[in-house]
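Secondary and tertiary structure notes
Single-letter residue listing:
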Amino acid sequence: TKRYVIYVVAFVILLFPAIYGNNHTGVYYNLDESLPKNLPSVIANTKLKEDYNMNTTHMILVDSSVAGSDVKKMSQEIEKVDGVKWVLGLDNLVGSGVPADMLPESVTGMLKNDKYQLLMVNSTYKVATDKVNKQIEQIDKIMDKYDKGAMLVGEGPLTKDLINITDTDFKRVSAVSIGIVFVIILLLFKSITIPVILVGVIEFAIFVNMGIPFYTGTKLPFVASIVIGTIQLGATVDYAILMTTRYKAERLAGKEKRPAVITALSTSIPSIIVSGMGLFAATFGVALYSNIDIVGSMCMLMARGAIISVLLVLLVLPALLILCDGIVCRTTRGMTHLIGKQEVVK
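Predicted, not measured: the structure shown is a model, and the values here were computed from it.

1. Side note on the sheet that holds strand E2 (residues 56-63)
Strands sit in the order E3-E4-E2-E5 across an open sheet of four strands; the sheet is antiparallel. The two strands at the open ends of the sheet, each matched to only one other strand, are strand E3 (84-88) and strand E5 (151-154). Ignoring which end each strand starts from, the neighbouring axes of this sheet average 25° apart. The strands touched by helix H3 (residues 68-79) are E2, E3 and strand E4 (116-123); relative to E3, the strand with the most contacts, the crossing angle is about 165°. Relative to E5, helix H7 (residues 155-189) is tilted by about 95°, and along the sheet it contacts E2 and E5.

Next up, the structure:
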């Protein structure tokens, strides 16, 4: 509390790189990257990529009524798309010169039925990359020319849709989480500025936690932002509420801002450290033990987030309460009479 200005300045200086790192941390959507490399399925996929240059396989479902000649033209156009190695369908296998009626059901049934005909597209691009997503868009345009109802399915299109959906949904969920916590604190303290300070400190802790992987060159699973954004916010905002409640009580009891913050800080430290270290202990061990990256990454982020939140609540929050005391008193119901009032209780 004697050097609160230093912590406020440090908060302001670190805020910008924390936000930048948080916004630019790399994520991966291909969940097989999170699995151990010695699993048989991972080894098999690696072999396919290395020996046959097969990274991704798309499947196209075209209406069975589309003429074989049109399907062949469509296949030829798709084969010209960057990154497409080959297109495989019934007409590609037997040729347009052989009537489909002459082929046995055991052969045609694998690639065509009374509703759809199936084409397989081999891509040399990896799932969840910008290249494969652009390739999927081009294939979609070609398909629409021959059959408006045609569907492109497989891991690549699925992951592309996942990227588009989660990018929007995660932002909404984060905004709703922050909004609900803000309203809860607003109703609890009957203040406009206290929710801003508390949520600001915890969100800053989240930005620092999520920004570190950017500066260390680490990629995170795509669910990391939403999981950490909600868990760290919900789990650690209690620390800030605990300290701020005591600060408010001390101010209402007649203490000046700095003595009130000192009392709130000294009485809250044991509870905050025990709670924070409990969350750290519960997750850090799993992070070290698990060889599944998505589990290890989540637990490491939660463990590190607990430490960061504890440090920021103990260092930055008291500094902000001292700095913003006048504004807090003016914007909090029941505290306006404290503005400029001298200490009554020592």
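2. Observations regarding the packing of aromatic side chains
Counted according to the given criterion, the structure contains six aromatic pairs. Geometrically, the ring pair formed by Phe280 and Phe284 is stacked, given 4.9 Å between the ring centres and 15° between the ring planes. Remark: Phe284 and Phe280 occur in helix H10 (residues 257-289); sequence separation between them is four residues, near one turn of the helix. Phe280 sits in the partly exposed class, given a relative accessible area of 25%. Judged by its relative accessible area of 28%, Phe284 falls in the partly exposed class. Taken together through their ring pairs, the aromatic side chains of Tyr20, Phe214 and Tyr215 make up a single cluster.

3. Structural notes on the environment of Thr218
Structurally, Thr218 can be placed in the loop between helix H8 (193-216) and strand E6 (220-221). On the accessibility criterion, Thr218 (39% relative accessible area) is partly exposed. When near neighbours in sequence (up to four residues on either side) are disregarded, Thr218 contacts Thr25, Gly26 and Pro213. Here Thr216 takes part through its side chain, which lies 3.1 Å from a polar atom of the side chain of Thr218.

4. Examining the packing of helix H1 (residues 4-24) against helix H11 (residues 293-323)
The relative placement of two packed helices is expressed as an angle between their axes plus a distance between the axes. Their axes nearest at 8 Å, the elements H1 and H11 cross at an angle of 110°. The orientation of H1 with respect to H11, classified from their angle, is roughly perpendicular. Counting all contacts with H1, which are made through Tyr4, Tyr7, Val8 and Phe11, the residues of H11 involved are Leu315, Val316, Ala319, Leu320, Ile322 and Leu323. Along the lines of polarity and charge, the residues of the contact of H1 with H11 split into ten nonpolar, no polar and no charged.

5. Details of the pattern of salt bridges
Tallied over the full model, the rule gives seven salt bridges. Lys171 is the salt-bridge partner of Asp167, the closest N and O atoms lying 4.0 Å from each other. One end of the pair, Asp167, and the other, Lys171, are both in helix H7, four residues apart, so they sit about a helical turn from each other. Of the charged contacts in the structure, one is a salt bridge between Glu250 and Arg246, with a shortest N-O distance of 2.8 Å. Placement of both Glu250 and Arg246 in helix H9 (residues 224-252) is noted, with a separation of four residues, approximately one turn of the helix. With a relative accessible area of 11%, Glu250 lands in the buried category. The exposure class assigned to Arg246 is partly exposed, which follows from its relative accessible area of 32%.

Cut-offs applied
- Residues numbered from 1 in each chain as written.
- Predicted model: local features only at pLDDT ≥ 70, side-chain atom pairs only at ≥ 80, totals over all residues.
- Heavy atoms only, no water.
- Pairing = 2+ DSSP bridges.
- Helix = DSSP H or I, 4+ residues; strand = E, 2+ residues; numbered from the N terminus.
- Axes fitted to C-alpha atoms, helices over the stretch in contact; angles between N-to-C directions.
- Contact = heavy atoms within 4.5 Å.
- Phe/Tyr/Trp six-rings, centres within 6.5 Å; stacked < 30°, edge-to-face > 60°.
- Buried < 20%, exposed > 50% of the residue type's maximum accessible area, 1.4 Å probe, protein only.
- Polar contact = N/O pair within 3.5 Å; in protein donor to acceptor, adjacent residues only side chain to side chain.
- Parallel < 35°, antiparallel > 145°, perpendicular 65-115°, else oblique.
- Nonpolar A, V, L, I, M, F, W, Y, C, P; charged D, E, K, R; others polar.
- Salt bridge = Lys/Arg side-chain N within 4 Å of Asp/Glu carboxyl O.

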